[in-house]
Structures are given as C-alpha cells and as structure tokens.
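# Architecture and fold: a report
One-letter residues, chain by chain:
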Amino acid sequence: MEYSKLVDVYEQLNKTTKRLEKTHIIAEFLKEISIDDMEHVILLLEGRIFPNYDAREIGVASRLMLKSLGIAIGIGIDKIEKEWKKQGDLGLVAELLVKTKKQATLHSTKLTTKKVFENLRKLAEIEGEGTVERKTQLIAELLTSAKPVESKYIVKTILGEMRIGVGEGAMRDAIVWAFFGNKIGIKYAREMNDIEVEDREVYNKYADAVQSAYDVTNEFALVAKAAKSKGLDALENIGMKVGIPIQVMLALKVDTIEEAFETVGKPAAIEFKYDGFRIQAHKGEKGGIRLFTRRLEDVTKQFPDVVEYIKKHVKGKSFIIDSEAVGYDKKTGRYLPFQNISQRIKRKYDIDRMSNDFPVEVNVFDIINFEGKSMINEEFEKRRKLLEKIVKQEPKKIVVSKIKIVSEKKDVEKFFKEAVNAGNEGLMFKSLNSPYKPGARVGYMIKFKHMMETLDLVIVGAEWGEGKRARWLSSYTVACLDENDDFLEVGKVSTGLKEKEEEGLSFMEMTRLLKPLIISEKGKEVKIKPKIIIEVGYEEIQKSPTYESGLALRFPRVISQRIDKGPHEASTLDYVKKLYAGQKKS
Ligand code: ATP
C-alpha cells in the first residue's frame, strides 16, 4: 500500500474528535487493506511499530531527529530548532521544511507502508557503535523520499507522538463494522452521532468475538486479519500464543459476604488476597520464560528470581500461569505492602541486588494454558487442581494461593481474619465452575477487601445512665490487648443493648454482670475489672488521641456477649491496626 493512502487516513482522523466518525473512517479503510499488508498497516495506524506488549522501542529522541532532519533537508540544526520553538511540534516542522525543499528538488519515488514500517523496525534494532549515525541515515533516507505531509507522520511515529485517538474501543468497533457490517445491517446515522443497528444481539455476538480475540492476542492486526480472511470462525478459534500476554481476568468488588456468595454461588472458593502485583508467567516449548504485568509490560529482566522459581518449580513444557508476587521482610518473613517492592518493576540496573534486598514470593492462582492447550474454558476447580499438581511449592519462593472451599459466612469470617493476620488485603471469592475470562470484569472473581470486621473487646469501664436509664450502667469503655497483654481503650459503646430483658442482651443484665466487678467509682464513672468480653461492630476505625490505643471506633455497637472467650482472648491492638490500614487502602 502506498504510504500516502495511510497518511490520508491520519489526516481524516485528525479532523474529527467524534468517536463514531473515527470508527467509520477506520472501518472504511480496513476494507481496503490487503491481507498481506494488514499486520503492519494496522500497527502504523495505531501509531506504533510493535504491539503494545512488546517492550522494544524505536529509541529516537528529539535531538537525533533534529540531526536527521538537518541531513535530509540540508539545513542547519539551529534553523530547525528555531522553527521547532515556533511550532512546538517536530512533525509540523518536518512538513514545513520538506515543503520548502521539495519545491527545489521534486522527488518522484513513492513511499510504501512496508518501506516505512521496515525502516522504522530497523531503527529499533540498531545498537552498538555508530548507532547515532546509522539511525540518522535511516531516518534521513525516509524523509528524502517523503512528501511534506508524509514526513510529518513519519516524524510523529518515530517520536511516539501520533495521538490521533485510535483507541481500543474504536478499533474493535471498526473491525466489526468493516468485516461483519453486512451481516449486522448497520446504518450510519446522519452527523455520525449514532449508528443504527438492525439487530443488537447479532451485533453483540460479533463485537464479543472481536473483543475476545483481541483479549487473547493483544493485537488488532491479527484480529483484523483473521476477521477479513476467515470470518467469525477464525475469530473464535484464534489461539493464544505462549510468549504473548493475554489480558488478565479482573475482579468485581463487593462489600458483604452475602453479596459475594450471591455472585459466585455456593460453595465457593475463597483465597487470600495478596497485596503484591500481578505476574502472568509464560513458559514456551523451548524453555524460555517471559513475565508480564497486569498492564502487559514485559518485566522478565527485572525478576530473575521469579524466572528461576518458575523454571525449577513448575512442571510442564509450556504453560501460562497467573499469579501475584508479594514482597516479604527478609528478617521476619512477613508479607510487606505492595509499595515496598513496587520499585522493582521499573528497575533497569542493580537487578540482582534488588531481588536480594526485596525478595518476593510468587502465589500462583490460575492457569491459562498448559502444554499448548488453552485452559480458559475449563472450570476453575479443574484449573486449580492442575495447578496444585504442577507447582512444586516452596514457601518464600513459589506457592499456590491459599484456598478454602466454603458455604458458610462464619468460615469466610475465620479465613478473612487469618488472611489479614498474615498481612494480606482480604479475600478473593471464586466461582468453582466458571471459565477464565480474559480482560473481563465479570462475577467469576470477587474481591472482598474488608468487612466491617467485628472486634472482641473487654469492658474496662462504664458509666451510670441518666433519666430512665439511671439504674443501669449504660455506656461501656472497651479495650483491646497490646503485645504485653495489657488492656488499651479503643472506645465507648452505648448502643446495641436492649431496654427490655425479653428482647435480648439488656442493660439490666449487663449491669448485673458488671456491678460485682466495679473497682472504683468517680461521679457517674466506674472502673471495671476486665473480665467481660463483648463483640463490637462499628462503621469505621479512626485515629484518635483520646484513647490509649491511638485508635477509636466510629459508631460502635454491642452485638453480643462473648461468653466463650476470656479477657485474654480479646482482639489485639495489632489486629485493630491492620483493619485500620486495610480500610484506608480501598
Ligand atoms: P482491579 O484489578 O480489580 O482493577 P485493583 O488494581 O485495585 O483493581 P485490587 O483491588 O487489588 O486491584 O484487586 C484485584 C487484584 O488482586 C488482581 O488483579 C490481583 O493482582 C490481586 N490478587 C491478589 N490475590 C489474588 C488471588 N488470590 N486471586 C486473584 N487475584 C489476586
């Protein structure tokens, strides 16, 4: 394809900000691209030369571009720089200067998209001695054959400054319109403010197929090629490739355990929700391992330790697994919040020291492909069983995520406590029979970061009531335990108890329990020997100078008396602090 054709599309796209109009322009253009040109033309259309998951870069900065422009156009760099200051955009400068030059020396060779693409890829490959000279030459070569408007886009593409607004949504819809438009019965409404679709259901079927194909390949070029050459079937069978990241499945959020069960069903799997960062690990037939973040950035180089664990501890010639890498304290072994290891992700040097200073444990929680076979349509339970079979667990290196299959709220509460105590953010709920849905936030996976976890607190003080409550101790000072087993106050609670005995735990009963435990009295206030434990709910935990613990409960209420617990089994300050930290994060 002639490059000028693509440039014409860039120009059209730049003239509108309307998403539908852009989509229409792209759709019409897609129909014209031959199968052979499809891959590189679509990448160029997106303003790139590598797919988004590919970490390679063209590696040309403005300085080098100035130099190349100087050579191509044959004028001094200071002059170009002056123009750059005026225009603020090197692409525009290139267009202007090439225009003036072209009037003198008319060029007749026509650039093709292929030539532009190949030269740009070569740019990315050049390294070592003479890099600057060779890069400058390559760019200059392109610019000398380019028409003014073409040079504008060549420069912008090289500098990564295309910004023509071809987003994911527009691209997906354009592929649907271009290759399935006749099947759907699409009409463009006037002014491009809307499109009319005869049958939404059919439309969605094609749109979903295009989206799913994109979610496993991450390349619209491949999706469009499949759609154009073989239609829907090809899209549905487009395979994921080990080594190329797929979009990760995302989680919905709920606030209550009931809601979580409603969404994923009973029984459900619950897992620790680790506070690390997601790593999608690929192992190819030849043994090569690649690691990608949730945003599909290649972080293989930054995590040689993880590569090693996967190589040594996961059985199988080829696979794709999904995991969370969590940092831990080298001395205590306790999990650390994400911030502590986040610096490893972008690190380009001192990698070995970093992996030694900030070690991570890989918690594998899903498998997407195994021995060349996609696992995404298998049920979660089956995927999990396979994981347990192939991961040779070694704590502090690589383990399978901690899991429980439950149907009861109390079991969730127990596991939640365990999770928070071990330094995690909360729990993930997973539906046992659901597939893995790349790129989707559907209810197959649910995050549950903090429930209004109740606390078991000891009554250490109380206050006589007023008016009709004058005979009762009606407000209670409650405390948690510090590490020395001392009681630290965290608040005062006066709601939750009943005024009538027949309605449940009443003020009267509580007064009866507490009266013999009074140590001292001062005005209305009494000090109580720590013996009675109550379960306390609240809206929130806040920092507070009022209480010795440094924390206070907002809107506390008595839920029940914990007759089964002694005072030294009360909630610890450490636990209250963790709940406080957990609620701050979300
Ligand atoms: P989201 O990923 O839902 O857009 P977010 O970036 O704020 O939101 P979180 O709220 O932390 O992420 O919740 C989802 C993330 O939890 C997952 O992307 C994954 O990285 C992490 N995670 C930790 N433990 C697990 C687990 N056992 N199973 C699945 N994901 C887990």
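Reading the values: rules and limits
- Residues numbered from 1 in each chain as written.
- Predicted model: local features only at pLDDT ≥ 70, side-chain atom pairs only at ≥ 80, totals over all residues.
- Heavy atoms only, no water.
- 1 Å grid on protein atoms, 1.4 Å probe; cavity = no way out; pocket = protein on both sides within 12 Å on 5 of 7 lines; lining within 4 Å.
- Points joined across faces, edges and corners; volume = space filled by probe spheres on them.
- Helix = DSSP H or I, 4+ residues; strand = E, 2+ residues; numbered from the N terminus.
- Nonpolar A, V, L, I, M, F, W, Y, C, P; charged D, E, K, R; others polar.
- Domains from an automatic or database assignment.
- Phe/Tyr/Trp six-rings, centres within 6.5 Å; stacked < 30°, edge-to-face > 60°.
- Buried < 20%, exposed > 50% of the residue type's maximum accessible area, 1.4 Å probe, protein only.
- Near = heavy atom within 4 Å.
- Polar contact = N/O pair within 3.5 Å; in protein donor to acceptor, adjacent residues only side chain to side chain.
- Areas by Shrake-Rupley, 256 points an atom, 1.4 Å probe, with all protein chains shown as cover.
- Sits in = over half its atoms within 2 Å of the grid points.
- Axes fitted to C-alpha atoms, helices over the stretch in contact; angles between N-to-C directions.
- Parallel < 35°, antiparallel > 145°, perpendicular 65-115°, else oblique.
- Left-handed = near helix turned anticlockwise from the far one by under 90°.
- Contact = heavy atoms within 4.5 Å.
- Arc of directions from axis to C-beta.
- Pairing = 2+ DSSP bridges.

## Brief notes about the layout of surface pockets
Taken as a whole, the largest pocket encloses approximately 1,400 Å³ of empty space. In this structure, the largest pocket is lined by 44 residues; those nearest its centre are Asn52, Asp54, Ala55, Arg56 and Glu57. Elements represented by at least two residues in the lining of the largest pocket include exactly α9 (148-159), β6 (289-292) and α15 (339-346). Its residues assigned to classes, the lining of the largest pocket shows 18 nonpolar, eleven polar and 15 charged. In terms of domain composition, the lining of the largest pocket takes at least three residues from each of domain 1 (48-159) and domain 2 (252-448). In this model, the second largest pocket occupies a volume close to 640 Å³. Lining the second largest pocket are 27 residues; nearest its centre among them are Lys273, Gly276, Arg278, Arg294 and Glu324.

## Notes on the packing of aromatic side chains
As enumerated under the stated definition, the model contains twelve aromatic pairs in all. Centre to centre, the rings of Phe416 and Phe448 are 5.8 Å apart; their planes meet at 65°, and the pair counts as edge-to-face. A residue pair is termed long-range when its members are at least 10 positions apart, and Phe416 in helix α18 (residues 409-421) and Phe448 in strand β13 (residues 445-448) qualify at 32 residues. Just as Phe416 is buried, Phe448 falls in that class too. For the ring pair Trp472 and Phe507, a centre distance of 5.7 Å and an interplane angle of 10° mean the geometry is stacked. Of this pair, Trp472 sits in the loop between β14 (455-464) and β15 (473-481) while Phe507 sits in helix α19 (residues 507-514), and the two are 35 residues apart along the sequence.

## As for the site of the ligand
Close to the ligand lie 17 residues, the nearest being Lys273, Arg294, Glu324, Arg441 and Lys447. One nitrogen or oxygen atom from the main chain of Tyr274 is found 3.0 Å from a nitrogen atom belonging to the ligand. Interatomic distance of 2.7 Å between a side-chain N/O atom of Lys430 and a nitrogen atom of the ligand. Isolated, the ligand exposes 610 Å² of accessible area, and the fraction of that covered by the protein chains is 83%. Because more than half of its atoms lie within 2 Å of the grid, the ligand is assigned to the second largest pocket. At the level of elements, β4 (268-273), β12 (426-431) and β13 are the ones that each hand at least two residues to the shell around the ligand. Of the residues forming the shell around the ligand, the biggest block, three residues, is contributed by β4. Residue composition of the shell around the ligand, by class: seven nonpolar, no polar and ten charged.

## Some details on the packing of helix α2 (residues 19-32) against helix α3 (residues 35-45)
Close contact between α2 and α3 brings their axes to 11 Å; oriented N to C, the two are set at 160°. Of the possible angle classes, the one that applies to α2 and α3 is roughly antiparallel. As for the relative orientation of α2 and α3, their crossing is right-handed in sense. Along the contact surface, α2 presents Ile26, Phe29 and Leu30, while α3 presents Met38, Val41, Ile42 and Leu45. Here the contact of α2 with α3 is built from residues that sort into seven nonpolar, no polar and no charged.

## Points about the packing of helix α10 (residues 168-184) against helix α12 (residues 220-236)
Look at α10 against α12: their axes get within 10 Å of each other, and the N-to-C directions meet at 35°. Pair α10 / α12 crosses with right-handed handedness. Facing α10, whose interface residues are Glu168, Met171, Arg172, Ile175, Phe179 and Phe180, α12 presents Phe220, Val223, Ala224, Ala227, Lys228, Gly231, Leu232 and Leu235. Classifying every residue of the contact of α10 with α12 gives ten nonpolar, one polar and three charged.

## Topic: helix α13 (residues 257-264)
All of the buried residues in α13 are Ile257, Ala260, Phe261 and Val264. Considered in projection along α13, the buried side chains sweep an arc of 95° and stay on one side of the axis. Here the buried face of α13 lies against β4, β11 (403-406), α18, β12 and β13. Following α13 by one or two positions, Gly265 adopts a phi angle in the positive range, close to 85°.

## A closer look at the sheet that holds β12
Strand order in the open sheet formed by five strands is β3-β13-β12-β4-β11, with mixed pairing between adjacent strands. Looking at strand neighbours, the two that pair on one side only are β3 (252-253) and β11, the edges of this open sheet. Note: β12 against β13, four bridges, orientation antiparallel. Across the sheet, the residue bridging to Met428 is Lys447, located in β13. The strands that α13 touches are β3, β4, β11, β12 and β13; relative to β12, the one it contacts most, it runs at about 25°.

## What to know about the environment of Lys301
Inspection of the secondary structure assignment puts Lys301 in the loop between β6 and α14 (304-313). The exposure class assigned to Lys301 is exposed, which follows from its relative accessible area of 73%. Note: C-alpha distance between Lys301 and Tyr349 (48 residues apart in sequence) is 9.7 Å.

## Re the pairing of strand β17 (residues 518-522)
A small share of β17 lies buried, amounting to zero of its five residues. Two strands pair when backbone bridges link them, and β17 and strand β18 (residues 525-528) are joined in this way by four bridges, in the antiparallel orientation. Across the sheet, Ile518 pairs through a bridge with Ile528, a residue of β18. Taking the residues that link successive antiparallel strands as the turn, the β17-β18 hairpin has two residues, and the phi of Gly523 there is positive, at about 60°.

## Details of the domain arrangement of the protein chain
Each assigned domain of the protein chain is listed with its residue range as follows: domain 1 (48-159), domain 2 (252-448) and domain 3 (455-585). Each of domain 1 and domain 2 was reduced to a C-alpha centroid, and the two centroids are 44 Å apart.

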